[in-house]
Amino acid sequence: MNLVNGAFGTPEFLSEEPGIFTWDLATDTVYADSALAMLFGLEPAQTIAGLPIIKYLDRIHPDDKPSVAKAISDSVITGNPYRHDYRVFDRSGQVVAVAAFGRCFRDEAGNPSHYAGIVFPTNDQSQQDELSAHCRAALKIAKSSGLQTTADALEAILKELATAMPSDIAPVH
């Protein structure tokens, strides 16, 4: 496991490490490790001691916040697993794409009581660039072969890849 000295004088995981959390629904307290603190731009000592969920929601990109809130709410209500991709702002205000997996646990009476999960960064520009290059090559083949439906689908994918991580997002401080 790679450790570095953090800005707060405590060891913290490198940014590629997944972050783990538990959320006590009764107290609205999220306990998280230092890897999650780094992903969300929060102070590790505070995330380990516990923070309200709003502190994490405030770090989610505004365009993604409604869908994240709904997905979490649906998971709490239904008990189904949660899986969502979204963007957060790290401490420097940079956008970090993440994937989150979670599940709500219930007490003996069947009431939602705890929620636990993992969040990991998915920003890998080299993989995204490689995927885009493959899609452009496939698009060229589809167009030259007269496969218009395939070409249309590939153009939509390329458009989505180009807008998935816009570079003009204003950082949050």
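Residues numbered from 1 in each chain as written. Predicted model: local features only at pLDDT ≥ 70, side-chain atom pairs only at ≥ 80, totals over all residues. Heavy atoms only, no water.

Caption draft 1: Here's a closer look at the pairing of strand E6 (residues 82-89). In terms of residue burial, E6 counts as a mostly covered element, since six of its eight residues are buried. The pairing of E6 with strand E7 (residues 95-106) spans eight bridges and is antiparallel. Bridge assignment links Tyr82 to a residue of E7, and that residue is Gly102. Hairpin connection, E6 to E7: the antiparallel pair is bridged by five residues, and Gly93 has positive phi, about 90°. (Buried < 20%, exposed > 50% of the residue type's maximum accessible area, 1.4 Å probe, protein only. Helix = DSSP H or I, 4+ residues; strand = E, 2+ residues; numbered from the N terminus. Pairing = 2+ DSSP bridges.)

Caption draft 2: Structural detail: the side chain of Arg59. Within the secondary structure layout, Arg59 lies in the loop between helix H3 (53-57) and helix H4 (65-78). Engagement of the side chain of Arg59 in a polar contact is seen with the backbone oxygen of Phe40, the distance being 2.8 Å. (Polar contact = N/O pair within 3.5 Å; in protein donor to acceptor, adjacent residues only side chain to side chain.)

Caption draft 3: The arrangement of unusual backbone geometry in detail. Positioned with a positive phi, Asp28 is a non-glycine residue whose angle comes to about 55°. Residue placement: Asp28 occurs in the loop between strand E3 (19-24) and strand E4 (29-32). By relative accessible area, Asp28 is classed as partly exposed at 29%.

Caption draft 4: Spotlight on the sheet that holds E6. The strand order E5-E4-E3-E8-E7-E6 describes an open sheet built from six strands, whose pairing is antiparallel. Of all the strands in the sheet, the pair left with one neighbour each is strand E5 (51-52) and E6. Seen against the sheet, H4 touches E3, E6, E7 and strand E8 (112-121) and runs at an angle of roughly 150° to E6. (Contact = heavy atoms within 4.5 Å. Axes fitted to C-alpha atoms, helices over the stretch in contact; angles between N-to-C directions.)

Caption draft 5: Structural context of the environment of Ser92. As for its placement among the helices and strands, Ser92 is situated in the loop between E6 and E7. Along the primary structure Ser92 and Gly41 are separated by 51 residues, whereas in three dimensions their C-alpha atoms are 7.3 Å apart.

Caption draft 6: Focus on H4. With 14 residues, H4 extends 20 Å between its outermost C-alpha atoms, agreeing within 8% with the 20 Å of an ideal straight helix rising 1.5 Å per residue. Buried-residue contacts for H4 involve E3, E6, E7 and E8. Two residues or fewer past H4, Gly79 is found with a positive phi of approximately 85°. (Expected span 1.5 Å × (residues − 1).)

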